[in-house]
Amino acid sequence: MAKFSTEQIRNVAILGHSGSGKTTLTEVLLNKTGATNRIGRVEDGSTTSDWDPEEQRRGISINLSVIPIEFNDTKLNLIDTPGYLDFVGEVISALHVAESGLLLVDAVAGAEVGTELAWDRLAEQNKPRIIFVNKMDRENANFQRAVESLRASFGDSSTILPFQLPIGEAENFQGVVNLANMKAYIGAEGREEEIPADMMADVERAHTAMVEAAAEADDELIMKYLEGEELTPAEVRHGLFQGVKNGVITPVYCGSVAANIGLERLMTSVIRYTPAPNEHPVTATQGGETIELTNDSSQPVAAQVFKTIIDRYVGRMNYVRIFSGTLHKDDRLTLARTGDEMRIANLFNVMGKELDNVDELAAGDIGVITKLDDVVTADTLCASNHIVQIEKPDYPQPLYSVAVSPATKADSAKMGQGLSALTEEDPTLQVTNIPATHQTLLQGMGEAHVDVGMRRLDSKFGVKVSTAVPKVPYQETISKTGQAQYRHKKQSGGAGQFAEVHMRVEPRDRGEGFEYASEVFGGAISGVFLPSIEKGIRQVMDQGVIAGFPVVDVKAVVFDGKEHPVDSKDIAFQTAGREAFKLAMQSAGPALLEPIYLIEVTVPEEYMGDVMGDFNTRRGRVQGMEQRGNRSIVRALVPLAEILRYGTDLRSMTQGRGIYTIEFDHYEPVPSHLVDNIVAENQVEGSEE
Ligand SMILES: Nc1nc2c(ncn2[C@@H]2O[C@H](COP(=O)(O)OP(=O)(O)OP(=O)(O)O)[C@@H](O)[C@H]2O)c(=O)[nH]1
Ligand SMILES: [Mg+2]
C-alpha cells in the first residue's frame, strides 16, 4: 500500500441494519480497486471482512473490520461494522475512530431499527453522514419510498436529500443520475450518458432542491440565492460540503452492490463530502487539563487502541488510530494508563485479517501493533515526553447474563484467565462474581453476544463451561423486632462446651447495613466472648436464614446470657451466637428483598401499548414516558426476577424494533405471595444440632 498523508485519509464507519450489504460493499470495493482478484461472498464465508469463523458460521458480521481502499489518491479506511444489535460495542469503537459514517439502507425495507440506531449514534456525536440506498436491483426496490421512510424517522426533505436518482428499479435498475453534475452513469463500469428524457422533470426538481439546500447551508450563498442570482457548480459543491460537514444535510445515494452499480460515484462522493482527520480534532486530557489533538503529523505521537484481539498464533493485536504525530516502528511509547514504557516492535497496515508490515503511519491513519502485553481497548499510547489520555468511548451496561461454571476440573484452572482475555477483547462483555448466589456471570448485550463469547472461550482459550440461568441475588432482612435465646451445651466427657446467649434483633433502614451491640450487664457474659458471638452472627449473615441469601440491615443486640467457668470458650459462644441469631430472625418477621431495576425501553410508538401492558405482567411500575420522533420511550421499575430474559421477549414483542437499557435501582421486599416459592427453590440446610 502507498504512503498517505493525513489530508489524503478518510476514516469512514460503515453502519446499517443487519443484512443491508455493508460487508458485501467492502468486498466489491476491494476488488473494484484492485486490492483483491476475486469477490468473496458472505454466504460462503469467503469475504475479506468477515474472517472470524464465528462470523462465517452465522453469516453475519460480529467484529468491526478495517478495510482500506485506495481510490483517487485517497486512503479510504472503511470500518465494516456488525448490524446485529448485540454487537453494538464494535459499532461504538468504530465510530470513535471515524470522522464520518456511511449508512447503508435496503431499498426494499427502507429505514429499519438498525438504521435508526446507527443514525442516533451519528447524530449524538454530530458526525457527518452519507446514506447509500443499496439493493436497488432487488424485486420491490423503491428509492422514493426508502427516502420517505428515512425522512419519517430522521428529518425533512432539506436534511435527507437525494444527491442521485436511480435509473430504473428492481430488475430494470441500470444506473444513476448524479444531480451535482447532472450526468447519468450506466452499468457496472459507470458509462457516462445523457439523462433519460422521461426522468428530466424529476431530475430538475431534485436538482433544485439540492441547490436550495446548498444555499441554506452557507450564509453568503443564501444571500446570493435569495437575490435571485444563480449559484455556480463550485458554490453549490461548497454549500453542500458545509451542510454535510455540519450535519444539516445528509446526502442520499443509491445503487446495487450485487450489480456493482453506483459504487464509483459513491466512493468519489465519500471522499468529497466527508472530512479528513485534520479537520476533526479529538478531546484528550493532559495533567488534568482538557486539550485537543488535531491529527497533526508533526506533533508528538498519541494513538488510541480501539480493538484488541488475542490471537492464538499472532498473540495480542491492538488496532490503533493515530490522533497525533507520526507513529514509527521501534518508537518507544508510554501507556498513559500505567506509565509503562514499551517499544513498538511491529507495526502493520491491516485489511480484514491480513497484516502488512509498515515503517510508519501518519496522523489520522489506522494500523495494528502486535505483542504489547496488557494493552487493552481504549488505552492511549503516547510520546513519553507528552503524556496524554485520549477520551474513551462510552460502552453500554450489559443486558443479558448467564452463570458459567467450569465443565471439568481442568477447565476450572483456566476459566479465570480465559474469561479475562474475553473481556480484554470485548469491552461490552463483563465477568461478575455474585457472592450472594456464589455464581460467576458472563454478561453481554444479548444472547447471541454471550453465546459467541462462550464459543470463543472454548475455541480460542480452550476453556469449556456449563451455563445456567443466573439466580436473582435476593437479600434477607427482618420487618420487626424479635428476640430469642439459645443454650449450646456439650458436656458429655472430654472437652466440654457451654454458652448461652439472649439476643434481640431490630430492623434497620434500607442500606444501613449490620450493627452489633451488647447490653449485657453484671458480667453475665465475659467481654472476651462478645466478638465470638459476633463471629457466629456474621457466619449466618453470609449464609442466610430463610433462603440462603445474605442478611442485611439488621441490628443484633446481646442483652443477656450464661457462661461456664471451664466449658465456655470462643467456639461455644460462636455456635450459641449463630443459633440465637437464627431464632431471633425467625421471630422478627423475616423478609426477602429483591433487586429492582430501572429499565428504559425505546420502541416505535405503535408498540407502546404492548410494552406497557407487558410491564403489568412483570410487576413493573411505569415511572415515565416520552416521545422522541416516531419513537416512544418508557421508563419503569421492574424486579430483576421478571426481566432475566427481557431482551428475547422484547424482540418478539416488537419484531426486533425495541431496544432497552437497564440499571440497578434499589432493593425492596418481595410480595408475600411469592416468598414461599423462592424459599422452596433455595431451601437452606438444617441447623448444626
Ligand atoms: N440483491 C442484492 N443483495 C445484496 C446486495 N448487497 C448485499 N446483498 C446480499 O445481502 C446479504 C447480506 O449482506 P451483508 O454484506 O452480509 O450485509 P451486512 O450489512 O454486512 O450484514 P451484517 O454483517 O449482519 O450487519 C448477502 O446475502 C448479500 O449477498 C445488493 O445490492 N443486492
Ligand atoms: Mg457484515
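Residues numbered from 1 in each chain as written. Chains lettered and ligands numbered in written order. Predicted model: local features only at pLDDT ≥ 70, side-chain atom pairs only at ≥ 80, totals over all residues. Heavy atoms only, no water.

Here's the deal with helix H11 (residues 447–459)
With 13 residues, H11 should reach 18 Å at 1.5 Å per residue; the first-to-last C-alpha distance of 18 Å fits that figure. Those residues of H11 not exposed but buried are Ala448, His449, Val450, Val452, Gly453, Met454, Arg456 and Leu457. Looking at the buried positions of H11, the neighbouring elements they touch are helix H2 (53–58), strand S25 (400–406), helix H10 (409–425), strand S27 (439–444) and strand S28 (465–468). (Helix = DSSP H or I, 4+ residues; strand = E, 2+ residues; numbered from the N terminus. Expected span 1.5 Å × (residues − 1). Buried < 20%, exposed > 50% of the residue type's maximum accessible area, 1.4 Å probe, protein only. Contact = heavy atoms within 4.5 Å.)

Considering the pattern of salt bridges
For the coordinates displayed, the defined rule picks out 48 salt bridges. The residue Arg619 makes a salt bridge to Glu594 at a minimum N-O spacing of 2.7 Å. With a gap of 25 residues between them, Arg619 in the loop between helix H14 (608–616) and strand S35 (621–628) and Glu594 in strand S34 (residues 590–604) connect regions that are remote in the sequence. Classification of Arg619 by relative accessible area gives partly exposed; the value is 25%. Connected through shared salt-bridge partners, Glu54, Arg57, Arg58, Asp451 and Arg455 make up one network. (Salt bridge = Lys/Arg side-chain N within 4 Å of Asp/Glu carboxyl O.)

Here we look at the domain arrangement of the protein chain
When cut into domains, the protein chain gives domain 1 (9–192 + 249–279), domain 2 (282–390), domain 3 (400–471), domain 4 (476–588) and domain 5 (594–674). Of note, the centres of domain 2 and domain 3, computed from C-alpha atoms alone, are 29 Å apart. Contacts between the two partners involve seven residues from domain 2 and, on the opposite side, seven residues from domain 3. Counting the surface lost from both domain 2 and domain 3, the interface buries some 620 Å², and carbon and sulfur atoms represent 46% of this. There are one salt bridge connecting domain 2 and domain 3. Glu424 is the partner of Arg316 in a salt bridge, and the nearest nitrogen-oxygen pair spans 2.6 Å. Where domain 2 meets domain 3, there are four residue pairs in polar contact (both at pLDDT 80 or more). Sorting elements by how many residues they give to the side of domain 2 that touches domain 3 places strand S14 (residues 302–311) first, with three residues. Broken down by class, the residue content of the side of domain 2 that touches domain 3 amounts to three nonpolar, two polar and two charged. (Domains from an automatic or database assignment. Buried area = accessible area lost by both parts, 1.4 Å probe. Polar contact = N/O pair within 3.5 Å; in protein donor to acceptor, adjacent residues only side chain to side chain. Nonpolar A, V, L, I, M, F, W, Y, C, P; charged D, E, K, R; others polar.)

Topic: the packing of aromatic side chains
For the structure shown, the criterion picks out eleven aromatic pairs. Taking 5.8 Å as the distance between ring centres and 45° as the angle between the ring planes, the aromatic pair formed by Tyr84 and Phe87 counts as tilted. Assessed through its relative accessible area of 29%, Tyr84 is described here as partly exposed. The buried category is assigned to Phe87, whose relative accessible area is 4%. (Phe/Tyr/Trp six-rings, centres within 6.5 Å; stacked < 30°, edge-to-face > 60°.)

Describing the coordination of the magnesium ion (ligand 2)
Within the protein, the atoms that donate to the magnesium ion (ligand 2) are Thr23 (OG1) and Ser61 (OG), at distances of 2.0 to 2.1 Å. In this pair, Thr23 sits in helix H1 (residues 22–32) while Ser61 sits in the loop between H2 and strand S2 (65–71), placing the two residues 38 residues apart along the sequence. Its relative accessible area of 6% is what places Thr23 among the buried residues. (Donors = N, O, S within 2.8 Å, 3.2 Å for Na, K, Ca; no water.)

Some remarks on the site of ligand 1
Residues in contact with ligand 1 amount to 21 residues; listed here are only the nearest, Ser18, Lys22, Thr24, Glu43 and Gly83. Between ligand 1 and the protein, one listed contact pairs an oxygen atom with a backbone N or O atom of Ser20 at 3.2 Å. For ligand 1, whose unbound accessible area comes to 650 Å², protein coverage reaches 85%. For the shell around ligand 1, the residue count by class is five nonpolar, eleven polar and five charged. (Near = heavy atom within 4 Å. Areas by Shrake-Rupley, 256 points an atom, 1.4 Å probe, with all protein chains shown as cover.)

Examining the environment of Leu15
Tracing the sequence through the fold places Leu15 in strand S1 (residues 9–16). Judged by relative accessible area, which is 1%, Leu15 ranks as buried. Considering only alpha carbons, one finds Leu15 and Glu476, 461 residues apart in sequence, at a separation of 47 Å. Here Leu15 is in contact with Lys22, Thr81, Val91, Leu95, Leu102, Leu103, Leu104, Ala118 and Leu122, once residues within four sequence places are set aside.

Considerations on the layout of surface pockets
Of the pockets and cavities examined, the second largest pocket occupies roughly 780 Å³. Trp51, Asp52, Pro53, Asp311 and Lys460 are, among the 42 residues lining the second largest pocket, the residues nearest its centre. Those elements that provide at least two residues to the lining of the second largest pocket are H2, helix H3 (88–97), S14, strand S20 (354–357) and H11. The element that contributes the greatest number of residues to the lining of the second largest pocket is H11, accounting for six residues. In terms of residue class, the lining of the second largest pocket is built from 14 nonpolar, twelve polar and 16 charged. (1 Å grid on protein atoms, 1.4 Å probe; cavity = no way out; pocket = protein on both sides within 12 Å on 5 of 7 lines; lining within 4 Å. Points joined across faces, edges and corners; volume = space filled by probe spheres on them.)

Quick word on the pairing of S20
It is a general feature of regular strands that their side chains alternate between the two faces of the sheet. Note that strand S19 (residues 347–351) and S20 share four bridges and pair antiparallel. Bridge assignment links Phe348 to a residue of S20, and that residue is Asn357. Once S19 ends, the chain turns through two residues before running back antiparallel as S20, passing Gly352 with a positive phi of about 65°. (Pairing = 2+ DSSP bridges.)

Digging into the nonpolar core
Looking at soluble globular proteins, one finds that nonpolar side chains tend to be buried together. Leu25, Ile69, Ile131, Val133 and Tyr319 are the most contacted members of the largest nonpolar core, which has 101 residues in total. Leaving out residues up to four positions away in the same chain, Leu25 has contacts with Ile14, Leu102, Leu104, Val257, Leu263 and Leu266. Judged by nonpolar contacts, the second largest core, of 61 residues, contains Val505, Val611, Val675 and Val679. (Core = buried A, V, L, I, M, F, W, Y, C linked by side-chain atoms within 4.5 Å.)

Details of the sheet that holds strand S33 (residues 554–562)
Strand order in the open sheet made by the four strands is S30-S31-S33-S32, with mixed pairing throughout. Sheet topology places strand S30 (482–490) and strand S32 (515–518) at the edges, where each strand pairs with a single neighbour. For this sheet the average axis-to-axis angle between neighbouring strands, irrespective of direction, equals 25°. Pairing between strand S31 (residues 497–507) and S33: eight bridges, direction antiparallel. Residue pairing for S33: Met503 is matched across the bridge by Val558. Those strands touched by helix H12 (residues 530–543) are S31, S32 and S33, and its axis lies near 150° from that of S32. Packed onto the sheet, helix H13 (residues 570–586) meets S30, S31 and S33 and runs at close to 35° relative to S31. (Axes fitted to C-alpha atoms, helices over the stretch in contact; angles between N-to-C directions.)

Things to note about the confidence of the model for the protein chain
On average, residues of the protein chain carry a pLDDT of 94, and 99% of them reach 70 or more. Under a pLDDT of 50 for its full length, residues 685–689 has, in the predicted model, nine contacts with residues more than four places off or in other chains. (pLDDT = per-residue confidence, 0-100.)

Description of unusual backbone geometry
Phi at Met182 takes a positive value of approximately 55°, unusual for a residue other than glycine. Given a relative accessible area of 24%, Met182 falls into the partly exposed group. You will see that Asp553, though not glycine, has its phi angle at about 55°, which is positive. Tracing the backbone shows Asp553 in the loop between H12 and S33.

A few points about the side chain of Thr74
When you line up the elements, Thr74 lands in strand S3 (residues 74–80). Reaching out from Thr74, the side chain makes a polar contact with the backbone oxygen of Asn72 at a distance of 2.9 Å. Those residues in contact with Thr74 that lie beyond four places of it in its chain are Phe4, Gln8, Arg10, Ile69 and Ile271.

Side note on helix H8 (residues 233–245)
The end-to-end C-alpha separation of H8 is 18 Å, in line with the 18 Å expected for 13 residues at 1.5 Å each. Residues of H8 that are buried sit in contact with strand S5 (129–134), helix H6 (200–216), helix H7 (219–226), strand S11 (250–254) and helix H9 (263–273). Of the residues trailing H8, Gly247 is marked for its positive phi of about 75°.

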